Amino acid sequence: MPLGLQSHVFEPFFTTKGAGDGKGLGLAIAYSLVRGWNANLLLRSEPGPGARFEMLIPVHEGGGR
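Analysis parameters
- Residues numbered from 1 in each chain as written.
- Predicted model: local features only at pLDDT ≥ 70, side-chain atom pairs only at ≥ 80, totals over all residues.
- Heavy atoms only, no water.
- Helix = DSSP H or I, 4+ residues; strand = E, 2+ residues; numbered from the N terminus.
- Rg over C-alpha atoms; globule rule 2.2 N^0.38 Å.
- Buried < 20%, exposed > 50% of the residue type's maximum accessible area, 1.4 Å probe, protein only.
- Contact = heavy atoms within 4.5 Å.
- Areas by Shrake-Rupley, 256 points an atom, 1.4 Å probe, with all protein chains shown as cover.
- Lys, Arg positive; Asp, Glu negative; His and termini not counted.
- Charge placed at Lys NZ, Arg CZ, Asp CG, Glu CD.
- Phe/Tyr/Trp six-rings, centres within 6.5 Å; stacked < 30°, edge-to-face > 60°.

Draft legend 1. Region of the structure containing the overall build of the chain. The secondary structure content of the chain amounts to two helices and two strands. Taking 11 Å as the expected radius of gyration for a compact globule of 65 residues, we find that the chain reaches 15 Å, considerably beyond that expectation. The 65 residues of the chain split such that 11% are buried. Look at the contacts in the chain between residues 6 or more apart in sequence, and 17% of them connect residues 24 or more apart. Of the roughly 5,200 Å² of accessible surface on the chain, 57% is carried by carbon and sulfur atoms. Positive and negative charge centroids in the chain, built from 6 and 5 side chains respectively, lie 6 Å apart.

Here it is in structure tokens:
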């Protein structure tokens, strides 16, 4: 995925699809949910293998509620 696209993938309504083929909300919603959990969603992209998304979730070391 070109760098120019990578900087926009988590924006609401961003899509590379043609009109009527998608809304561009999926990654924006996923990013918002993950950030709400104090986690992070990362994009790693290389020519050829494609894109990979990683979700980093913090460890909670408390006891119960």
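Draft legend 2. The arrangement of the packing of aromatic side chains in detail. On inspection of all chains with the given rule, the structure shows two aromatic pairs. Within the aromatic cluster, the residues linked to one another by ring pairs are Phe10, Tyr31 and Phe53.

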